[in-house]
Amino acid sequence: MEMMDDFSVNEVDIERSKTVFSKYYEYLPYKRQNRESVLSVLYSRETGTSSTYSHRPLKTQWSSSTRKNQYFYMRSLCAAKFGSSTQPLLYPITNVSESTIEADERLRPRQFEYHPSDSSLMAVGTLDGEVIVLNHETGNVVSCVFPFTSLNSILGLCWLKKQPSKLLVGSDNGSLRLYDINSVQTKVEDSCCNSTVIFDDFEQLTSVHVNSTDERCLTSGYFKKVAIYDISTGQCLHLFTDMHREPINVAKYSNHSPHLFVTSSFDRDVKMWDSRQKPVQPCYSVTSSRGNVMVLFSPDDLYLLVSAVDNEVKQLLSVDGRLHTDFGIVSTGSSYNYTRSYYMNGRDYIISGSSEEPMIRVCCAHTGRRLRDISLEDSGRGSSMFVQSLRSDPFRQFHMAILAAYAQSTSKYEIIKINLLSSSQSAEEHQGGLDIAHSKGG
């Protein structure tokens, strides 16, 4: 580029622009600076050379110990695929086909969770009170739980870790039940007998979570209460009141300690608690500038990822709540732009989306730098898609799924899978591929 806005561009301008870009954005994942082909990375892995065209050992940029690291070549392959994917692949997965669902009915998802140990399974809770276990690779229904009461939206889903066939399900009318997907019936008249454990109701439930030992579960909702239940009996062991000044939208257990949990509230506070102590005072409290939508631990429990209204996303040290990273996502000015964020690729990256923006941001969790913005639009319907919820795929690098709401419909929800390592040009491989756009900045 020699001219921009009728001004000449010199070498100093170019170098300054590179410096600014590298400060705020990542060109490729995992600090890779140059695009490589997949074949080049595979050749380097087998020969220990820097590229297909050079037989010199890799000595300069990466040390021998780094190259021997099991993650080095996996990350290099991800960077190579990411660099060659100009437009990520998006496609819906909730057009399910199975005899348990009538052909003229369409799944209306409201919540979903990947299975923790089976890479092909996903639980989907619907606006009609159903819980469908999908093989999200094939689109087939594996198991189905029909409504056990009047139609109520499923808002809480959590798989047990040590008993991976069991799924905790909470609905907006306060019903909370534990199911074994290997033994549920598929007939509506038998559905009342499907649950292995029936819990005491929790009024206006919005969130459920199971601790690391599968012995306790945690619920929160539109009230200033948090309840801890015994998983095996369904009995409420503790009911904590007035932990916050406003509703507690999300409460999450630590991934490794069965006693530590964190709460986030619209009163702007995030609080860490220890269930072995009386909840008179939290371990610590951190305040956001806007109401908190959600919080969760990083997979190794070193950090907390806090998402507040209108794109306020921060990473805190879990030990004391100190700020580690402010991701600097620009706000829209709307108090109804509810933002949700999750970790991806372990805790290497974070993905963030909001309820009034057709956009997903991908940021490096270590530096806060933006890797990619994904703009969501379905050209077939001529409508943008807003992000109601999202999750990263725990088994596949740079894969995720979102619960999308269409801008021109108040009731149209769909689960869309996103593959950042494959181009939308291969969308014909997937029925109903969607058009998207991406950019480097927000």
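In case you missed it, the structure is sitting above this.
For the structure given in this document, a descriptive report is provided here. Since the structure is predicted, the reported quantities are computational estimates derived from the model, not experimental observations.

**Quick notes on the overall build of the chain**
Piece 1. Within the chain, the secondary structure is distributed over four helices and 33 strands.
Piece 2. Among the 442 residues that make up the chain, the fraction classed as buried is 53%.
Piece 3. Within the structure as shown, the chain displays about 20500 Å² of accessible surface, and the carbon and sulfur contribution to it stands at 48%.

**Digging into the sheet that holds strand S22 (residues 292-297)**
Piece 1. Strand order in the open sheet formed by four strands is S22-S23-S24-S25, and the pairing between neighbours is antiparallel. This sheet does not close on itself; its edge strands, each paired only once, are S22 and strand S25 (323-326). When the angles between neighbouring strand axes are averaged without regard to direction, this sheet yields 20°.

**Quick notes on the side chain of Ser318**
Piece 1. Turning to its location among the elements, Ser318 is positioned in the loop between strand S24 (312-317) and S25.
Piece 2. A polar contact of 2.5 Å, which involves the side chain of Ser318, links it to the backbone oxygen of Asp301.
Piece 3. In this structure, Ser318 is in contact with Met272, Tyr284, Phe297, Asp301, Leu302, Tyr303 and Leu304, ignoring residues within four places of it in sequence.

**Some points on helix H2 (residues 38-47)**
Piece 1. If you check which residues of H2 are buried, you get Ser40, Val41 and Ser44. Seen along its axis, H2 keeps its buried residues to an arc of 100°; they face one direction. For H2, exposure combined with an orientation more than 90 degrees from the buried face picks out Leu39 and Glu46.
Piece 2. Just past H2, the residue Gly48 takes up positive phi, approximately 75°.

**Some thoughts on the packing of aromatic side chains**
Piece 1. A full pass over the atoms with the stated rule returns eight aromatic pairs.
Piece 2. Summarising the aromatic geometry, the rings of Tyr30 and Phe398 are spaced 6.1 Å apart at their centres and angled 75° between planes, so their arrangement reads as edge-to-face. Remark: Phe398 occurs in the loop between strand S30 (383-392) and strand S31 (399-406) and Tyr30 occurs in the loop between helix H1 (11-24) and H2; sequence separation between them is 368 residues.
Piece 3. The interplanar angle of 65° and the centroid separation of 6.3 Å between the aromatic rings of Phe266 and Tyr338 together place this pair among those described as edge-to-face. Here the residue Phe266 occupies a position in the loop between strand S19 (260-265) and strand S20 (269-274), and Tyr338 occupies one in the loop between S25 and strand S26 (339-344), the gap between them amounting to 72 residues.
Piece 4. According to the relative accessible area criterion, Phe266 is partly exposed, its value standing at 25%.
Piece 5. Exposure remark for Tyr338: the relative accessible area of 29% places this residue in the partly exposed category.
Piece 6. Cluster of aromatic residues (ring-pair linked, three or more members): Tyr30, Phe82, Tyr349 and Phe398.
Piece 7. One residue, Arg372, lies across the ring of Phe82, its end atom 4.3 Å from the ring centre.
Piece 8. The lysine or arginine in question, Arg391, covers the ring of Phe112, its NZ or CZ lying 5.6 Å from the ring centre.

**Some details on the environment of Leu134**
Piece 1. Along the polypeptide, Leu134 turns up in strand S8 (residues 131-135).
Piece 2. Distance in space between the C-alpha atoms of Leu134 and Leu121 is 5.6 Å, their sequence separation being 13 residues.

**Focus: the pairing of strand S32 (residues 413-423)**
Piece 1. When you tally the buried positions in S32, you get ten out of eleven residues, the bulk of the element.
Piece 2. Taken together, the five bridges between strand S5 (residues 88-92) and S32 define a ladder with antiparallel strand orientation. Of the residues in S32, the one forming a bridge with Pro88 is Ser423.
Piece 3. Of the pairings in the sheet, the one linking S31 to S32 comprises seven bridges and is antiparallel in character. Counterpart to His399 in the pairing with S32 is Asn419.

**Details of the nonpolar core**
Across soluble globular proteins, you tend to see nonpolar side chains buried next to one another.
Piece 1. Ile360, Val362, Leu376, Phe398, Met400, Ile418 and Leu420 are the most contacted members of the largest nonpolar core, which totals 40 residues.
Piece 2. Residues contacting Phe398, with those up to four places away along its chain left out, are Pro29, Tyr30, Cys78, Met344, Asn345, Tyr349, Leu371, Ile418, Asn419, Leu420 and Leu421.
Piece 3. Ranked by size, the runner-up nonpolar core spans 19 residues in total, among them Tyr91, Ile132, Val141 and Ala405.

**Looking at unusual backbone geometry**
Piece 1. A positive phi angle, near 65°, is found at Lys31, a position not held by glycine.
Piece 2. Relative to the helices and strands, Lys31 is located in the loop between H1 and H2.
Piece 3. Backbone geometry at Arg268 places phi at a positive 85°, although glycine is not the residue there.
Piece 4. Structurally, the position occupied by Arg268 is in the loop between S19 and S20.

Thresholds, definitions, all that
- Residues numbered from 1 in each chain as written.
- Predicted model: local features only at pLDDT ≥ 70, side-chain atom pairs only at ≥ 80, totals over all residues.
- Heavy atoms only, no water.
- Helix = DSSP H or I, 4+ residues; strand = E, 2+ residues; numbered from the N terminus.
- Buried < 20%, exposed > 50% of the residue type's maximum accessible area, 1.4 Å probe, protein only.
- Areas by Shrake-Rupley, 256 points an atom, 1.4 Å probe, with all protein chains shown as cover.
- Pairing = 2+ DSSP bridges.
- Axes fitted to C-alpha atoms, helices over the stretch in contact; angles between N-to-C directions.
- Polar contact = N/O pair within 3.5 Å; in protein donor to acceptor, adjacent residues only side chain to side chain.
- Contact = heavy atoms within 4.5 Å.
- Arc of directions from axis to C-beta.
- Phe/Tyr/Trp six-rings, centres within 6.5 Å; stacked < 30°, edge-to-face > 60°.
- Lys NZ or Arg CZ within 6 Å of the ring centre and 35° of its normal.
- Core = buried A, V, L, I, M, F, W, Y, C linked by side-chain atoms within 4.5 Å.

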